Amino acid sequence: MTGNICKIIRNKNNIKDKLKVLVLNKIMISGSRMSSRAMRAVYVRKFGAVDQMKVEENVAVPKLEDKQILIKIYMSGVNPVDTYIREGDFGWSSKPYVPGIDGSGVVEAVGSEVTQFKVGDRVFCSQTVRYGTLAEFTAMDEDHVFPLADSLDFAQGAAIGIPYFTAYKALLLKGRAKKGDRVLVHGASGSVGLAAVQLAKAYGMTVVGTAGTAEGLELVSSQGADAVYNHRDSSYMDKLKKNPETKFDVILEMLSNVNLGHDLELMKPKGRTIIIGCRGPVTINPRDMMGPETEVIGCALFSSTPEEWNLIGERVAEGISSGWVKPVINKIYDLHKAGEAHHDVIHSTGAKGKLVVRVQE
Ligand code: NAP
């Protein structure tokens, strides 16, 4: 039945077919384990610019599988990767789809094999594939759903997934950073950067962070960075390089295409630079790595093994309990402004934490 619905939905100009969709939605919803409500969702039917993101009504609530949890989504976190997927640049060929990888809300229904959650639990989630979080409901595998403590609100819940999981993977699994290390978070004012600053401080490291605006620098300092530099100041790199005492054990790099060549000169012997963000090619001098025997390591959250994913999930959950996970929200958009949020996350005039979309009250 799902295949028929998809074919019919594709023919969006045909009113008769639209009526059939409504009828089929009702059949599908009443045949599944959850409420008979249809939902509102943002749909992308064609890869392209933000105008491809349209709010649609009467979308079928996702059908729940045995190991899945149906979440009533309140907030959806916006990540740069959402825009790469929408533009068709991410090797994702499945259309139409609902954007949104991170989200937060309340458990609406659980599949028969779900063991850790019950209806009514507050949760956050990450890494949805078929159904996104820019929808009133999403169905998510249990191992991509995590408890959301009362200490965090739903906007903060939607800001945990990709940013904190990436920061943990980059700093501790790929970067092998440890207590006492000096860490440079190169691009610290955004979602991943702030998570990395909080994490590194919680684990007893010395943290230097960069940002591109006065407000960004202030925010990075307020999150515990020991020193901050403005990466839009043409002399900041000279200042960093001048003092050999300021070299780093680990560098987390958000814009490798701009900074990687410099990072190679900023590492201590045996240091590691972790490639988190990259928006193009860059020229480097590999010789800078030879004497100090440094490493440049790629990091992609999507490439995590299930074991890595579970470990990171456990550690981030511990971080929520112990209090170091404290997402900073920059702006909340209404659902019909989700396209604006996609625009802003790429064309930022200065990051100050996370952009989040309110899906429903
Ligand atoms: P974000 O919230 O938009 O933050 C972007 C950050 O980059 C801001 O701190 C920004 O600082 C900084 N930046 C801008 N120009 C810079 C420069 N010349 N040098 C250093 N930093 C600069 O994005 P995000 O969610 O933190 O993600 C950051 C990057 O990592 C994105 O490219 C994203 O695609 C990527 N990412 C990768 C993974 C992975 O698995 N590898 C996961 C998540 C994100 P100002 O705005 O203050 O200038």
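Coordinates for the structure precede this section.
This write-up is about the structure you can find in this document. (Residues numbered from 1 in each chain as written. Predicted model: local features only at pLDDT ≥ 70, side-chain atom pairs only at ≥ 80, totals over all residues. Heavy atoms only, no water.)

1. With respect to the packing of helix H5 (residues 161-174) against helix H11 (residues 306-322)
Argument step 1. Two numbers describe how H5 lies on H11: the axes approach to 10 Å, and their chain directions differ by 105°. Between H5 and H11, the crossing angle belongs to the class labelled roughly perpendicular. Of H11, the residues touching H5 (which contributes Tyr164, Phe165, Tyr168, Lys169 and Leu173) are Glu308, Trp309, Leu311, Ile312, Gly313, Arg315 and Val316. (Axes fitted to C-alpha atoms, helices over the stretch in contact; angles between N-to-C directions. Helix = DSSP H or I, 4+ residues; strand = E, 2+ residues; numbered from the N terminus. Parallel < 35°, antiparallel > 145°, perpendicular 65-115°, else oblique. Contact = heavy atoms within 4.5 Å.)

2. Here's the deal with the nonpolar core
Argument step 1. Counting 85 residues, the largest nonpolar core has Ile160, Leu171 and Leu252 as the members making the most contacts within it.
Argument step 2. No other element matches the eight residues that H5 contributes to this core.
Argument step 3. Each of domain 2 (38-160 + 329-358) and domain 3 (163-303) accounts for three or more of the residues forming this core.
Argument step 4. If near-sequence neighbours (up to four positions away) are discounted, leucine 252 is found in contact with Ala170, Leu171, Leu184, Val185, His186, Ala196, Ile274 and Ile276.
Argument step 5. Counting residues in each nonpolar core, the second largest holds 13 residues, with Tyr236, Met237, Leu240 and Met289 among its members. (Core = buried A, V, L, I, M, F, W, Y, C linked by side-chain atoms within 4.5 Å. Buried < 20%, exposed > 50% of the residue type's maximum accessible area, 1.4 Å probe, protein only. Domains from an automatic or database assignment.)

3. Description of helix H7 (residues 214-222)
Argument step 1. For H7, every residue scored as buried is listed here: Gly216, Leu217, Leu219 and Val220. For H7, the angular spread of the buried residues around the axis is 160°, confining them to a single face. Turned more than 90 degrees away from the buried face of H7 sit Ala214, Glu218 and Ser222, all of them exposed.
Argument step 2. Buried residues belonging to H7 abut helix H6 (191-202), strand S9 (206-211) and strand S10 (227-230). (Arc of directions from axis to C-beta.)

4. Points about the site of the ligand
Argument step 1. As a matter of local geometry, the ligand sits amid 27 residues, with Tyr84, Ser189, His231, Cys299 and Ala351 nearest to it.
Argument step 2. The contact in question runs from an oxygen atom of the ligand to an N or O atom on the side chain of arginine 232, over 2.9 Å.
Argument step 3. Here an oxygen atom of the ligand and a backbone polar atom of leucine 301 are 2.8 Å apart.
Argument step 4. For the shell around the ligand, the residue count by class is 14 nonpolar, eleven polar and two charged.
Argument step 5. Counting contributing residues per domain, the shell around the ligand is built from domain 2 (38-160 + 329-358) and domain 3 (163-303), each supplying no fewer than three. (Near = heavy atom within 4 Å. Polar contact = N/O pair within 3.5 Å; in protein donor to acceptor, adjacent residues only side chain to side chain. Nonpolar A, V, L, I, M, F, W, Y, C, P; charged D, E, K, R; others polar.)

5. Examining the pairing of strand S6 (residues 137-141)
Argument step 1. Within S6, four of the five residues are buried, which leaves the element mostly enclosed by the surrounding structure.
Argument step 2. Pairing of strand S3 (residues 68-77) with S6, which is carried by five bridges, proceeds in the antiparallel orientation. Opposite leucine 70, over in S6, you have alanine 139 as the bridge partner. (Pairing = 2+ DSSP bridges.)

6. Some remarks on the environment of phenylalanine 47
Argument step 1. Along the chain, the position of phenylalanine 47 falls in the loop between strand S1 (39-44) and strand S2 (53-59).
Argument step 2. In the structure, phenylalanine 47 is positioned 39 residues away from arginine 86 in sequence and 5.3 Å away in space, judged by C-alpha atoms.

7. Details of the packing of aromatic side chains
Argument step 1. Scanning the entire structure with this criterion turns up eleven aromatic pairs.
Argument step 2. Each ring, one from phenylalanine 90 and one from phenylalanine 302, has its centre 5.5 Å from the other, and the planes form 80°; the classification is edge-to-face. Of the two residues, phenylalanine 90 sits in the loop between helix H3 (80-86) and strand S4 (102-110) while phenylalanine 302 sits in the loop between strand S13 (295-298) and H11, which places them 212 residues apart along the sequence.
Argument step 3. Considering the side-chain rings of tyrosine 203 and tryptophan 324, the 6.5 Å spacing of their centres and the 80° angle between planes classify their relative orientation as edge-to-face. Taken together, the positions of tyrosine 203 in the loop between H6 and S9 and tryptophan 324 in the loop between H11 and strand S14 (329-334) put the pair 121 residues apart, joining distant regions of the chain.
Argument step 4. Every member of this aromatic cluster is reached through a ring pair, and the members are Phe124, Phe146, Phe165 and Trp309.
Argument step 5. The positively charged end of arginine 45 is found above the aromatic ring belonging to tyrosine 43, 4.7 Å away from the centroid.
Argument step 6. One cation-aromatic arrangement involves arginine 122 over phenylalanine 154; the distance from NZ or CZ to the ring centre is 4.6 Å. (Phe/Tyr/Trp six-rings, centres within 6.5 Å; stacked < 30°, edge-to-face > 60°. Lys NZ or Arg CZ within 6 Å of the ring centre and 35° of its normal.)

8. Overview of the sheet that holds S10
Argument step 1. Within the open sheet, the six strands sit side by side as S10-S9-S8-S11-S12-S13. Their pairing is parallel. Edge strands, defined here as strands with exactly one partner in the open sheet, are S10 and S13. Averaged over all pairs of adjacent strands, the angle between strand axes in this sheet comes to 20°, irrespective of strand direction.
Argument step 2. Across four bridges, the pairing between strand S8 (residues 182-186) and S9 is parallel. Bridge assignment links valine 183 to a residue of S9, and that residue is valine 207.
Argument step 3. Its contacts with the sheet place helix H9 (residues 256-266) against S8, strand S11 (248-253), strand S12 (267-275) and S13, and it is angled at close to 165° to S12.

9. Regarding the pattern of salt bridges
Argument step 1. Under the criterion given, the structure shown has 18 salt bridges.
Argument step 2. One salt bridge connects glutamate 293 with lysine 270, and the closest N-O pair in it is separated by 2.4 Å. Of the two residues, glutamate 293 sits in the loop between helix H10 (287-290) and S13 while lysine 270 sits in strand S12, which places them 23 residues apart along the sequence.
Argument step 3. With a relative accessible area of 47%, glutamate 293 lands in the partly exposed category.
Argument step 4. In this structure, arginine 358 and glutamate 361 form a salt bridge, with 3.8 Å as the shortest nitrogen-oxygen distance.
Argument step 5. Exposure remark for arginine 358: the relative accessible area of 26% places this residue in the partly exposed category.
Argument step 6. Under the relative-accessibility criterion, glutamate 361 is labelled exposed at 77%.
Argument step 7. Through salt bridges with shared partners, a single ionic network connects Asp334, Arg358 and Glu361. (Salt bridge = Lys/Arg side-chain N within 4 Å of Asp/Glu carboxyl O.)

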